[in-house]
Amino acid sequence: MAFSHLLELENVHTELSLAEGTLRAVDGVSLTIDAGETLGIVGESGSGKSMTALSIMRLLPRSGRIVEGSIRFKDRVLSDLSEDEMEAIRGTEMAMIFQDPMTSLNPVYRTGWQVGEPLRIHRHVRSGEAIATATDLFQQVGIPDARSRVRHFPHMLSGGMRQRAMIAMGLSMSPSLLIADEPTTALDVTIQAQILDLLRRLNREYGTATILITHNLGVVAGMCDRVIVMYAGRIVEQGRTEDVFSHPEHPYTWSLLRSIPRLDAEPHEPLTPIEGSPPDMVHLPAGCKFQPRCPFAVARCSREEPSLLQVRDQLARCWVTQAGTELNA
Amino acid sequence: MSNAPAIVAAEGPIRRRPVALLELARKNRGVLVGLALVAVLFLVALLAPVISPHDPIATEPDNAYLPPLSPGHALGTDELGRDQISRILWGARISLPVAFVAVAVGLVAGGLIGLVSGYAGGLTDLLLMRVIDALLAFPALILAIALVAALGPSLRNAMIAIGIVAIPAYARLVRAVVLQLKPMEFVVATRSLGATPVRIVLRHLIPNLMNPVLVQVSLSAGFAILAEAVLSFLGLGAQPPTPDWGQMITTGRTFLPNDPWLAIIPGVAISITVYSFNLLGDSLRDALDPRLRR
Amino acid sequence: MTTYVLRRLVLMVPVAFLVTVGVFMLIHLTPGDPALIILGEDRSPQAIAQIHQELGLDKPLYVQYVIWIDNVVHGDWGRSITTHEPVAGAITERLPATIELGVVALIWSLLVAIPLGTVAAVRRGSVVDKLATGIAVAGVSVPNFFIGIVLIFVLSVSARLFPFGGYVPFFQDPWESLRHVALPAIALGTAGTAINMRFTRSSMIEVLGLDYIRTARAKGASWRRVVFIHALKNALIPVVTIVGLQIGGIIEGAVVTETVFTWPGVGRLAVESIFNRDYTVVQGVVLLAAFSYMVANLVVDLVYGWLDPRISYA
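Here the structure is a predicted model, which is why all the values come from computation and not from measurement.

Definitions and cut-offs
Residues numbered from 1 in each chain as written. Chains lettered and ligands numbered in written order. Predicted model: local features only at pLDDT ≥ 70, side-chain atom pairs only at ≥ 80, totals over all residues. Heavy atoms only, no water. Helix = DSSP H or I, 4+ residues; strand = E, 2+ residues; numbered from the N terminus. Buried < 20%, exposed > 50% of the residue type's maximum accessible area, 1.4 Å probe, protein only. Contact = heavy atoms within 4.5 Å. Buried area = accessible area lost by both parts, 1.4 Å probe. Salt bridge = Lys/Arg side-chain N within 4 Å of Asp/Glu carboxyl O. Polar contact = N/O pair within 3.5 Å; in protein donor to acceptor, adjacent residues only side chain to side chain. Nonpolar A, V, L, I, M, F, W, Y, C, P; charged D, E, K, R; others polar. Patch = residues over 30% accessible without salt bridge, like charges linked within 9 Å, V, L, I, M, F, W, Y side chains within 5 Å. Areas by Shrake-Rupley, 256 points an atom, 1.4 Å probe, with all protein chains shown as cover. Lys, Arg positive; Asp, Glu negative; His and termini not counted. Phe/Tyr/Trp six-rings, centres within 6.5 Å; stacked < 30°, edge-to-face > 60°. Charge placed at Lys NZ, Arg CZ, Asp CG, Glu CD. Pairing = 2+ DSSP bridges. Axes fitted to C-alpha atoms, helices over the stretch in contact; angles between N-to-C directions. Domains from an automatic or database assignment.

### Some remarks on the side chain of T20 of chain C
All names here are of chain C.
Part 1: Along the chain, the position of T20 falls in helix α1 (residues 2-29).
Part 2: You can call T20 buried: its relative accessible area is 6%.
Part 3: Excluding its chain neighbours within four sequence positions, the residues that come into contact with T20 are Y65, W68, I69, L287 and F291.

### Quick look at the environment of V141 of chain A
All names here are of chain A.
Part 1: Mapped onto the elements, V141 comes out in the loop between α4 (127-140) and α5 (146-149).
Part 2: Since its relative accessible area comes to 2%, V141 is described here as buried.
Part 3: V141 sits 54 residues away from I195 along the chain, and the two C-alpha atoms are 9.0 Å apart.
Part 4: Sequence-distant contacts of V141, that is, excluding residues within four places in its chain, are made with R164, I167, A168, L198 and R201.

### A look at the environment of P212 of chain B
Part 1: Locating P212 of chain B in the fold gives a position in helix α8 (residues 197-233).
Part 2: Counting along the chain gives 19 residues from P212 of chain B to L231 of chain B, while the straight-line C-alpha distance between them is 28 Å.

### Remarks on the interface of chain B and chain C
Part 1: Listed per partner, the contact involves 43 residues of chain B and 43 residues of chain C.
Part 2: Buried surface at the junction of chain B and chain C, summed over both partners, amounts to about 3900 Å²; 77% is from carbon and sulfur atoms.
Part 3: Along the contact surface separating chain B from chain C lie one salt bridge.
Part 4: Put simply, chain B and chain C have six residue pairs in polar contact (both at pLDDT 80 or more) between them.
Part 5: Among the elements that make up the side of chain B that touches chain C, the one with the highest residue count is helix α10 (residues 261-288) of chain B (11 residues).
Part 6: Tallied by class, the residues present in the side of chain B that touches chain C amount to 32 nonpolar, five polar and six charged.

### Some points on a nonpolar patch on the surface
Part 1: Where nonpolar side chains cluster on the molecular surface, the patch consists of L43, L46, L47, V50 and I51 of chain B and spans about 490 Å² of accessible area.
Part 2: Examined against the element boundaries, L46 of chain B turns out to sit in helix α2 (residues 29-51).

### Considerations on the side chain of R162 of chain A
Part 1: Considering the arrangement of structural elements, one finds R162 of chain A in helix α6 (residues 159-171).
Part 2: For the buried R162 of chain A, no salt bridge is present, and the opposite-charge side chain at shortest range is D100 of chain A, 6.8 Å distant.

### Observations regarding the packing of aromatic side chains
Part 1: Within this structure, the stated rule accounts for 12 aromatic pairs over all chains.
Part 2: A centroid spacing of 5.2 Å and a plane angle of 65 degrees characterise the contact between Y252 of chain A and F290 of chain A, whose relative ring orientation is edge-to-face. Note that Y252 of chain A is positioned in helix α10 (residues 251-259) and F290 of chain A in the loop between α10 and β11 (309-311), a separation of 38 residues in sequence.
Part 3: Taking the relative accessible area as the measure of exposure, Y252 of chain A reaches 0% and is therefore buried.
Part 4: Relative to W68 of chain C, the ring of Y65 of chain C has its centre 6.2 Å away and its plane inclined at 45 degrees; by these criteria the two rings are tilted.

### Here we look at the arrangement of the chains
Part 1: Considering every one of the two pairs of chains in contact, the largest contact total is recorded for chains B and C.
Part 2: Between chain A and chain B there is no contact, and the shortest C-alpha to C-alpha distance separating them is 16 Å.

### Here we look at a positive patch on the surface
Part 1: A contiguous patch of positive charge, built from R110, R147 and R151 of chain A together with K233 of chain C, is present on the exposed surface.
Part 2: Residue position: K233 of chain C is located in helix α10 (residues 223-248).

### Let's talk about the sheet that holds strand β10 (residues 234-240) of chain A
Note on sheets: strands pair through backbone hydrogen bonds, and any given pair is parallel or antiparallel.
Residues and elements named next belong to chain A.
Part 1: With mixed pairing, eight strands are arranged side by side in an open sheet as β6-β7-β8-β3-β9-β10-β12-β11. A strand with exactly one partner marks an edge of an open sheet, and here the two such strands are β6 (94-97) and β11. Along the sheet, successive strands turn relative to each other by an average axial angle of 20 degrees, direction set aside.
Part 2: The pairing of β6 with strand β7 (residues 177-181) spans four bridges and is classified as parallel.

### Considerations on the pattern of salt bridges
Part 1: In the structure shown here, the tally under the stated rule is 37 salt bridges over all chains.
Part 2: Two residues, R217 of chain C and E87 of chain A, come together in a salt bridge whose shortest N-O distance is 3.3 Å. You can see R217 of chain C sitting in helix α9 (residues 211-218) and its partner E87 of chain A sitting in helix α2 (residues 83-89), one on each of two chains. Summarising the burial analysis for this pair, R217 of chain C and E87 of chain A share the class buried.
Part 3: When the shortest N-O distance is used, the salt bridge between R201 of chain A and E205 of chain A registers 3.3 Å. On the criterion of helical spacing, the pair formed by R201 of chain A and E205 of chain A is a turn pair, its members being four residues apart in helix α7 (residues 189-206).
Part 4: Connected through shared salt-bridge partners, E15, R24, D27, R234, K289 and E305 of chain A make up one network.

### Observations concerning the interface of chain A and chain C
When the parts of a complex come together, some accessible area is lost, and that lost area is often taken as the interface size.
Part 1: Across the contact, 30 residues belong to chain A and 22 residues belong to chain C.
Part 2: Between chain A and chain C, a total of about 2300 Å² is buried, with carbon and sulfur atoms accounting for 55% of that surface.
Part 3: The three residues of chain A that bury the most area against chain C are R62, P107 and V108 of chain A, which together make up 23% of that side's buried surface.
Part 4: Scanning the region where chain A abuts chain C turns up four salt bridges.
Part 5: Measuring nitrogen to oxygen at the nearest pair gives 2.6 Å for the salt bridge that ties E117 of chain A to K219 of chain C.
Part 6: Inspection of the region where chain A meets chain C yields 14 residue pairs in polar contact (both at pLDDT 80 or more).
Part 7: Examining the composition of the side of chain A that touches chain C, we find that seven residues originate from one element, helix α3 (residues 111-122) of chain A, more than from any other.
Part 8: Taken together, the residues of the side of chain A that touches chain C sort by class into 16 nonpolar, seven polar and seven charged.

### Some thoughts on the domain arrangement of chain C
All names here are of chain C.
Part 1: For chain C, the assigned domains read domain 1 (2-73) and domain 2 (96-307).
Part 2: Measuring from the centre of the C-alpha atoms in domain 1 to the corresponding centre in domain 2 gives 33 Å.
Part 3: When the two sides are added together, the surface that domain 1 and domain 2 hide from each other amounts to roughly 1500 Å², 80% of it contributed by carbon and sulfur.
Part 4: When residues of domain 1 are sorted by the area they lose upon contact with domain 2, R8, M12 and V23 head the list and together hold 29% of the total.
Part 5: Along the contact surface separating domain 1 from domain 2 lie one salt bridge.
Part 6: Between domain 1 and domain 2 we count three residue pairs in polar contact (both at pLDDT 80 or more) in total.
Part 7: Going through the elements one at a time, α1, α2 (34-39) and α4 (61-73) are the ones with two or more residues in the side of domain 1 that touches domain 2.
Part 8: Here the side of domain 1 that touches domain 2 takes 13 residues from α1, the largest share from any one element.

Take a look at the structure:
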């Protein structure tokens, strides 16, 4: 029997039908994650990273639909499952936490009630027991004074604390996979670091495989074993974090890395923002989707779209690097 | 049956130009249909003397209780042999002017109160707004009924009463827009250039008020027609033999077991009319400011 | 919270004052001498003087107001001009019928509006949604007295399913009472049904699009649980406001419906009194209507805060 991954996406296409037209939010994404691993998915907003996550959870908005490809989780094909079977997996075996802790908690229920809810849904425990577990979870995720905090309504908690509560909720059933969609974007910088620490610690202690979705490469660097870079619904580069960071093989990754400040940079080396604007997802250019913004583009780039191929230690979707050229300023 | 909800002026971009009604109608089906229906109603009211086949108050006892689709009387005749369709058409000449006058009373009085209140601020504002609060403390129809009870039942007094009921919505609307505009740069600027308050009002407030007032006018016209029908139904508005829809229902319902159409036809007329104005008002509100959609 | 309640109460004082002045002035709004209007053709000087004395019209206006309001506060709402019965008594006697009608109408409207509005929101664009939208539009455009008449014609006169007219007190015979109240309650509740459904639907649509609904789904909550536990409580918060105002406005709707169904409630009392020129009774009903409406407004505000923990009463 072949070695099987915890989660495996194969050539997943997800479409959104909007008023402006139908767009491929996720276009042929294949990826795997193994137990205990941490995978980063990086991209601008609209690059399809959140839609990939929602496709895995089967929580797409009304306008969204997976049109092609398969998603296998623990040897089950998720698209074959009924809604009931999917509900039994959500919150128990795979959990998800969201970007904005301000709006992701229900304002009219106490936080402890909400954090303990998965236990009541899936294990049918009584509410007193669920609250007790929630109190434990609050302590584990570092919410001080857990006993009284479980009785608070979400609006009485700070943003950081609410995100901790969200994480506690995600972990309440000890899932094997946790998807964190921009978990720190809405938070202050100091709180961001604390939340990332917490996620790292939980990943180590419980062996929960984690998919961390972010637009911030800095977050990935400190946390993830592997990283996937997405652009216009496609994976443009994929590899071990240190490989991708030390020698990016896609111009988009290369530009992203140059746009973040580095401690070891020359003091006067300027930061270079990425030229151009994110692509119009309804009317994508022919050929390589990044080509209009790419400083390395050659004639072939606007004609044919490259495939995701091995370039040195990682995979990249670029004619230039696949031809052996090194990216340099 | 409550008063049409008052719309609060939107906070958003201030220098909105009033949108041409016809242009809106081209883009929005609701506005188009509402506008068309209202236009037809006004035409009916205007042309009733021309298009009515009979005199609406001429009795013809030999031809009483004719059912609809009788020869010469498309909607039949009532207990006195009066032609129903003529009475219905003439009824528009009662309902629409009543609504028009009532809305005008509400708009002018409410608008002035709102203007003074918002512009003067301070104690004047405080006092005027408490009066408005007091008016709003009465359920709309109760206030109208109480006023008619005091003034004496008649169509004219019904108009006045319904107009008074409409005041608070306009007062609050106009005041909100004034308060919103007052600190705006262009108002302060024109003021410092020596423009008189009246000029400022005419130049800047009126255009900004057009859209929300337009919506409110259609909605309160719907309410006015409904309220007039209620008052006349209760015998507090139009008096016999006026061909008034509400009044026709009052007499018609006596004959319900055998001649139900005598009550049902005017009821349908009221419903269509109120629906037309409500549709126009709702669609205008949606078209002019999607954030106000409910 | 206490400070908020107190502040609301303080703010209500000037409004309540103006309302009572308005109601008091009702009699004085009538053009000419109220006594003449009350008496009609029979206007002997003694009769006029008697009316003047009865109404206290021989004193200055502000004195009349002070006496009147003092009496009102102490439960003396004056005497009926026609029957000489105490107004407060006449109203209390009629109140149970109105309350039964109003409560049944409200329950009926909510029983229809909330499920229909919820289903319409969850299945947007479906047949149920179109039906709901249709009812919502018709409900606010068709006058309730006309609905009443149609109901009488269809269900009472033609189908003979329900009795027409007549009121049986609920505690005397609950079943008969409900049979009698059914048609007027449906007629009275229709406008409310339309409004409540519209509110439920739009509020539900809004809530279902919010992030915490996705959170609940991510926990593995079923659609049913999401809709009924996570969304409904939030979605009904704005509906509560509207329902509260409908409770406060029971007398308003009752005026018309009670006339159509010859229902012996406060509303019909008001209409009868208007025709009998019994101004003290009219005054009493208007005062009661205004005050129940004001109190409902206040209660709604307070309940709103209780339902939505985000609202602070700083």
